[in-house]
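One-letter residues, chain by chain:
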Amino acid sequence: MSIHLNAKEGQISEKVLMPGDPLRAKYIADTFLEDVECHNTVRGMYGYTGTYKGHKISVQSSGMGAPSMSIYATELIKDYGVKNIIRVGTIGAMKLEVKIRDVVMAIAATNDSKMQNIIFPQINYAPNASFTLLERAYRLSKQNEGLKVHVGNVFTGDAFYEDDDSMIRKLADYGVLGVDMETAALYTLGSKYSIDVLSIMTVSDHVITGEETTADERQTTFNDMIIVALNTLINE
Ligand SMILES: O=P(O)(O)O[C@H]1O[C@H](CO)[C@@H](O)[C@H]1O
Ligand SMILES: O=c1cc[nH]c(=O)[nH]1
């Protein structure tokens, strides 16, 4: 038990997928895992543990934003001994060449996170992915010709709704692929605790063109992304 997770000791795998949405965690467990147990119900932030190709895997929702991700990732790492976390999320595209339904793998996460300022008040820290997981995920994604994958810098923002989009446009000019709300927090904690972390995200909307996907349209790419993430975790 930890403050926000009521899983029993040993119940959570060392390898965890983290979507933002608790119902997406349930969908992943129901669709891809066998012998599934629900390991967390606290605050409705559902978590499940089962097997994938015979390997023990957990799926734990993170909630939205850096503070929520930080709570769950910290407790998974410190209280449950988790060693690999892959965020499987959605992202708003910023660069025009990144299209809806594409997949983004984040090398690093530029951010405006207040949590980063608390840790590093005087310098601009660069939260980065685990190269081991990133290289493996990219290589495995190439087995699926239907999957369009972009690898690069993303922006982790504290605000989903902003007063104006001038900073988003500027970041796109500087090569940032898209915007989410958790990657920087996950990457900073991965480095702090020396575990492997990665964010893989399906493009749900385009923040410059205003294009959006329907839930059904997102589902296929989402499934393909989850298969890449699961095979990355088990290294197959
Ligand atoms: O789909 P998830 O994983 O929740 O990710 C994105 O969606 C939420 C905003 O709608 C934020 O959490 C953002 O990072
Ligand atoms: O944080 C996010 C995630 C998806 N789409 C957005 O516009 N922002």
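Residues numbered from 1 in each chain as written. Chains lettered and ligands numbered in written order. Predicted model: local features only at pLDDT ≥ 70, side-chain atom pairs only at ≥ 80, totals over all residues.

A. The site of ligand 1, seen in detail. Looking at ligand 1, the residues that line it are Pro 19, Gly 20, Asp 21, Met 64, Gly 89, Thr 90, Phe 160, Asp 180, Met 181 and Glu 182. Class assignment of the residues belonging to the shell around ligand 1 gives a composition of four nonpolar, three polar and three charged. (Near = placed C-beta within 6 Å. Nonpolar A, V, L, I, M, F, W, Y, C, P; charged D, E, K, R; others polar.)

B. Structural detail: the site of ligand 2. As a structural note, the neighbourhood of ligand 2 is formed by Thr 90, Ile 91, Gly 92, Phe 160, Val 179, Asp 180, Met 181, Ser 204, Asp 205 and Val 207. Of all the secondary structure elements, the ones that give two or more residues to the shell around ligand 2 are β5 (84–93), β8 (178–180) and β9 (196–206). Looking at which element gives the most residues to the shell around ligand 2, the answer is β5, with three residues. By residue class, the composition of the shell around ligand 2 is five nonpolar, three polar and two charged. (Helix = DSSP H or I, 4+ residues; strand = E, 2+ residues; numbered from the N terminus.)

C. Representation of the environment of Glu 34. Assignment of secondary structure puts Glu 34 in strand β2 (residues 34–40). With 11 C-beta atoms packed within 10 Å, Glu 34 lands in the exposed category. Glu 34 sits 20 residues away from Gly 54 along the chain, and the two C-alpha atoms are 8.5 Å apart. Excluding residues that lie within four positions of it along the chain, Glu 34 makes contacts with Gly 50 and Thr 51. (Buried ≥ 20, exposed ≤ 12 C-beta atoms within 10 Å, placed from the backbone. Contact = placed C-beta atoms within 7 Å.)

D. Looking closely at helix α1 (residues 22–32). Taken together, the buried positions of α1 are Pro 22, Arg 24, Ala 25, Ile 28 and Ala 29. An end-on view of α1 places all buried positions within 160° of arc, on one side of the element. Of the residues in α1, the exposed ones pointing more than 90 degrees away from the buried face are Leu 23, Asp 30 and Thr 31. (Arc of directions from axis to C-beta.)

The values are spatial; any link to function lies outside them.
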